[in-house]
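What follows is the residue order along each chain.
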Amino acid sequence: MIESPITAVDVARVDDRPLWVDIVPAGGGEEVWWDEPRPGEGGRRCVVRRGPDGSVHDVLPQGWNSRNRVIEYGGRSWRPLPGGGLVFTNWADQRLYRLAPGADPVPLTPPGPSRYADLVVHGGEVWCVRETDDERDLVAVPLDGGPLRVVVKAQHFIMNPRVSPGGTQIAWIGYDHPAMPWDGTSLCVAPLLQDGTAGPYRVVAGGPQEAVAQAEWRDDDALYAVTDPTGWWNIHLVRLDGSPARNLTPMPQEFGDAAWKLGYRWFTLAGDRIVTMYGTADGKRLGVLDPETGEITDIGGSYTYWAPTISASPDGSRVVAVGGSPRKPFEVVRIDLSTGAHEVLSPAKKLPDPAVLPTPEAMAFDGVHAHVYPPAGAVEGAPSPYVIFVHGGPTGSSPMVFDLEVAYFTSRGIGVAEVNYGGSTGYGRAYRERLRNNWGIVDVRDSETVARGLIAAGLADPERVAIRGGSAGGWTSVAALVHSDVFRGAVAHYAITDPEGWARETHDFESRYLDGLIGPLPETRQRYLDRSPTLHAAQASGPALLMHGLEDAIVDPGQAERFVAALDEHGGRWAYLTFPGEQHGWRREETIVAALEAELAFYGLIFGFPTPEVPPLALKGRM
């Protein structure tokens, strides 16, 4: 193994990215607000603001964490208020709070089981999605602390609340089980009545086979909506007079993505222009769209991928967004639309020498998309150890951007290939639908295809190829371990290992997800049995390292426990680490460090090289 200057602590301190951005008028100038992860502060997310003078200050005091658990993956968790205040959801109790400058946060909602997300400030109220048990509605919460009001009660799932410019109508996106938000959703519009509630609604776009991902009012008579009747998430003009929607961007490019969090924004209005991100999982540009001509002027500069959050100044002359590239982490960027000039607003992160960072390449292996990060020290004609990285979701993707976790391994001589298997977003609905009824088959086969392609090209050593992933990527990793013979080991973070059990155990949002991924129960139960990694642990082609947060409400730790028990029963080798206080994903610095160092030690064991810089890892089971 090659010595590397990149430590696990380095990775933890640049992990994750800003989630939400906002431009706020202030004293004749403007402030820019965003929230950022704080792994060293228990994994909390802190709202910060950058003043007109360039100084950056925390808005959210220590001890407060602006996150929520709506649909368990959360959503837009805060909004700035006029005068410098903030309204936000707090992780510890899931209540909605108001924070005035110089004061302590004051709760706006009562204690109890309800959660709130996708916040929009409207007049003296914050309108948001409320989740109570397994029900959701749209509520208005007075900022002065008065009783909340139910505005909309419609579909089982609601997102994207938008009040029309004239204040007379409300639009939202809704859908019902068994659909997921990338399957089929409805863009709904209803009049606002005198009592502040919505009247009867009508559906103006979307349907069972069309997924509206975002919508914004153009004026009182029309909305712009990202939707995919053509098989690609394009921006459409949707008029309320009943005339057909007009596709403003008729091209095989994605102008939206899967709505795993409530509040994602892939475009914003800047005067009469639309500033939008578009592309594929290989690269997402930022451009200014003229809705009359369809012409897009690129303003992305050197940034090759943009995260789904964007805000425009009130006069439409500037936007703020979060961009990254393979050589720079995601950062908050302000762009002058008249000059195209970029200004980085978020504080610089401590980064390693660019010489130790890999240069990725987008490749396709028999039609399977992948991003290949070559290892340091690779010698032509001498294949290297490789790890196949599998993203979660499974309806998601791995973008080709700066990732110090990847560099942690490549800088040590281990190549990485991120596979965007069939089912991934970013390549149109047809590619996404390849996984329908085939989860555990297509994702495994595509991961194997990439691995064998690297071996055939002489890049990967056939005796030193592993696979790793988290959540659904963890499922694919352990499924590949038991249903393929190409992988010498698997690392699975908070993985699904028993699909039939998971369908019973998981939360409401994903409780019918497997209907489309595998098939409805009980009619297709045999598929669940045939594909279950736990039931086929005897076929494992190598050892497994499983890691799980003990507060995970999406994938219960019992999933990992059942798999390692099955490995143990059948003579397999394994290691299992648990992390108290962690949910579905690592947020605390100490967890990120421990998980990454354990993973490196695991590769040392299965690839046959020493790892003295990290704590030793012992595999259990028979030798």
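### Describing the pairing of strand 7 (residues 96–99)
In regular strands, side chains alternate between the two faces of the sheet.
Thought 1: Here strand 6 (residues 86–89) pairs with strand 7 via four bridges, running antiparallel. Counterpart to phenylalanine 88 in the pairing with strand 7 is tyrosine 97.
Thought 2: Between the antiparallel neighbours strand 6 and strand 7 lie six residues, among them glutamine 94 with a positive phi of about 65°.
Thought 3: Where strand 7 lies against strand 8 (residues 106–107), two bridges are found, and the strand directions are antiparallel.

### Describing helix 4 (residues 442–456)
Thought 1: Over its 15 residues, helix 4 runs 20 Å from end to end, which matches the ideal 21 Å to within 8%, given 1.5 Å per residue.
Thought 2: Taken residue by residue, helix 4 has Val442, Asp443, Val444, Asp446, Ser447, Glu448, Val450, Ala451, Gly453 and Leu454 as its buried positions.
Thought 3: At its buried positions, helix 4 is contacted by strand 29 (361–365), strand 30 (368–373), strand 31 (384–390), strand 32 (415–420), strand 33 (460–470) and helix 5 (472–483).
Thought 4: Looking at the residues trailing helix 4, positive phi occurs at glycine 458, about 80°.

### Describing unusual backbone geometry
Thought 1: The linkage connecting glycine 393 with the following residue, proline 394, adopts the cis geometry, with an omega of 5°.
Thought 2: Checked against the element boundaries, proline 394 lands in the loop between strand 31 and helix 2 (404–410).

### Thoughts on the environment of leucine 459
Thought 1: Here leucine 459 is to be found in the loop between helix 4 and strand 33.
Thought 2: For leucine 459, a relative accessible area of 36% puts it in the partly exposed group.
Thought 3: Excluding residues within four positions of it along the chain, leucine 459 makes contact with Pro383, Ser384, Tyr386 and Leu454.

### Concerning the sheet that holds strand 18 (residues 222–227)
Thought 1: Here we have four strands laid out as an open sheet, ordered 17-18-19-20, and antiparallel in their pairing. In the strand order of this sheet, the two ends are held by strand 17 (214–219) and strand 20 (246–247), each with one partner.
Thought 2: Across six bridges, strand 18 lies against strand 19 (residues 234–239) in antiparallel orientation. Pairing of alanine 225 across the sheet is with histidine 236, part of strand 19.

### Details of the packing of helix 4 against helix 5
Thought 1: Contact geometry of helix 4 with helix 5 gives a least axis separation of 9 Å together with a crossing angle of 75°. Classified by the interaxial angle, the pair formed by helix 4 and helix 5 is roughly perpendicular. Along the contact surface, helix 4 presents Asp443, Val444 and Ser447, while helix 5 presents Trp475, Thr476, Ala479 and Ala480.

### Observations concerning a negative patch on the surface
Thought 1: Judged by side-chain charge, Asp272, Asp290, Glu292 and Glu295 come together as a negatively charged surface patch.
Thought 2: The residue aspartate 290 is located in the loop between strand 23 (283–289) and strand 24 (296–298) in this model.

### Considerations on the sheet that holds strand 24
Thought 1: Read from one edge to the other, the open sheet built from four strands follows the order 21-22-23-24, with strand pairing classed as antiparallel. Of all strands in the sheet, those bounded by a partner on one side alone are strand 21 (267–270) and strand 24. This sheet shows a mean twist of 35° between the axes of neighbouring strands, independent of strand direction.
Thought 2: For strand 21 and strand 22 (residues 273–280), the ladder comprises four bridges, and the chain directions are antiparallel. Counted as the bridge partner of phenylalanine 267 is threonine 276 from strand 22.

### A few points about helix 10 (residues 589–607)
Thought 1: Taking 1.5 Å as the rise per residue, helix 10 with 19 residues should run 27 Å; its terminal C-alpha atoms sit 27 Å apart, in good agreement.
Thought 2: For helix 10, a buried count of 16 out of 19 residues is recorded, marking the element as mostly surrounded by other parts of the structure.
Thought 3: Just beyond helix 10, the residue with positive phi is glycine 608, at close to 85°.

### Focus: the packing of aromatic side chains
Thought 1: Per the stated rule, a full pass over the model turns up 27 aromatic pairs.
Thought 2: Among the aromatic residues, those joined into a ring-pair cluster are Tyr73, Phe157, Tyr175, Trp182, Trp260, Phe509 and Tyr513.
Thought 3: Here arginine 412 stacks its cationic end above the ring of tyrosine 408, 4.0 Å away from the centre of that ring.
Thought 4: One residue, arginine 468, lies across the ring of phenylalanine 389, its end atom 4.2 Å from the ring centre.

### Notes on the layout of surface pockets
Thought 1: Considering only enclosed or pocket space, the largest pocket measures out at about 950 Å³ in volume.
Thought 2: Looking at the lining of the largest pocket, the elements that each hand over two or more residues are strand 1 (21–26), strand 5 (78–80), strand 9 (115–122), strand 13 (157–163), strand 17, strand 21 and strand 25 (305–312).
Thought 3: At four residues, the largest contribution of residues to the lining of the largest pocket is made by strand 1.
Thought 4: Partitioning the lining of the largest pocket into residue classes produces 14 nonpolar, seven polar and six charged.
Thought 5: The space that makes up the second largest pocket amounts to roughly 580 Å³.
Thought 6: Forming the walls of the second largest pocket are 27 residues, and the residues nearest its centre are Arg13, Val14, Ala348, Lys349 and Lys350.
Thought 7: Per element, the largest residue contribution to the lining of the second largest pocket is four residues, and it comes from helix 1 (residues 8–13).

### Examining the pattern of salt bridges
Thought 1: As enumerated under the stated definition, the model contains 44 salt bridges in all.
Thought 2: Between glutamate 343 and arginine 50 there is a salt bridge whose closest N-O contact spans 3.6 Å. With glutamate 343 in strand 28 (residues 342–344) and arginine 50 in strand 3 (residues 44–50), this pair connects stretches of sequence that are 293 residues apart.
Thought 3: Close ionic contact of aspartate 183 with arginine 436 constitutes a salt bridge, the shortest N to O distance being 3.1 Å. Placement of aspartate 183 in the loop between strand 14 (169–175) and strand 15 (186–191) and of arginine 436 in the loop between helix 3 (429–432) and helix 4 is noted, with a sequence separation of 253 residues between them.
Thought 4: The class of aspartate 183 is buried, set by a relative accessible area of 15%.
Thought 5: On the basis of relative accessible area, arginine 436 is assigned to the partly exposed category, the value being 35%.
Thought 6: Here the salt bridges share partners, and the residues they tie into one network are Glu30, Arg50, Asp315, Arg318, Arg334 and Glu343.

Thresholds applied
Residues numbered from 1 in each chain as written. Predicted model: local features only at pLDDT ≥ 70, side-chain atom pairs only at ≥ 80, totals over all residues. Heavy atoms only, no water. Pairing = 2+ DSSP bridges. Helix = DSSP H or I, 4+ residues; strand = E, 2+ residues; numbered from the N terminus. Expected span 1.5 Å × (residues − 1). Buried < 20%, exposed > 50% of the residue type's maximum accessible area, 1.4 Å probe, protein only. Contact = heavy atoms within 4.5 Å. Axes fitted to C-alpha atoms, helices over the stretch in contact; angles between N-to-C directions. Parallel < 35°, antiparallel > 145°, perpendicular 65-115°, else oblique. Patch = residues over 30% accessible without salt bridge, like charges linked within 9 Å, V, L, I, M, F, W, Y side chains within 5 Å. Areas by Shrake-Rupley, 256 points an atom, 1.4 Å probe, with all protein chains shown as cover. Salt bridge = Lys/Arg side-chain N within 4 Å of Asp/Glu carboxyl O. Lys, Arg positive; Asp, Glu negative; His and termini not counted. Charge placed at Lys NZ, Arg CZ, Asp CG, Glu CD. Phe/Tyr/Trp six-rings, centres within 6.5 Å; stacked < 30°, edge-to-face > 60°. Lys NZ or Arg CZ within 6 Å of the ring centre and 35° of its normal. 1 Å grid on protein atoms, 1.4 Å probe; cavity = no way out; pocket = protein on both sides within 12 Å on 5 of 7 lines; lining within 4 Å. Points joined across faces, edges and corners; volume = space filled by probe spheres on them. Nonpolar A, V, L, I, M, F, W, Y, C, P; charged D, E, K, R; others polar.

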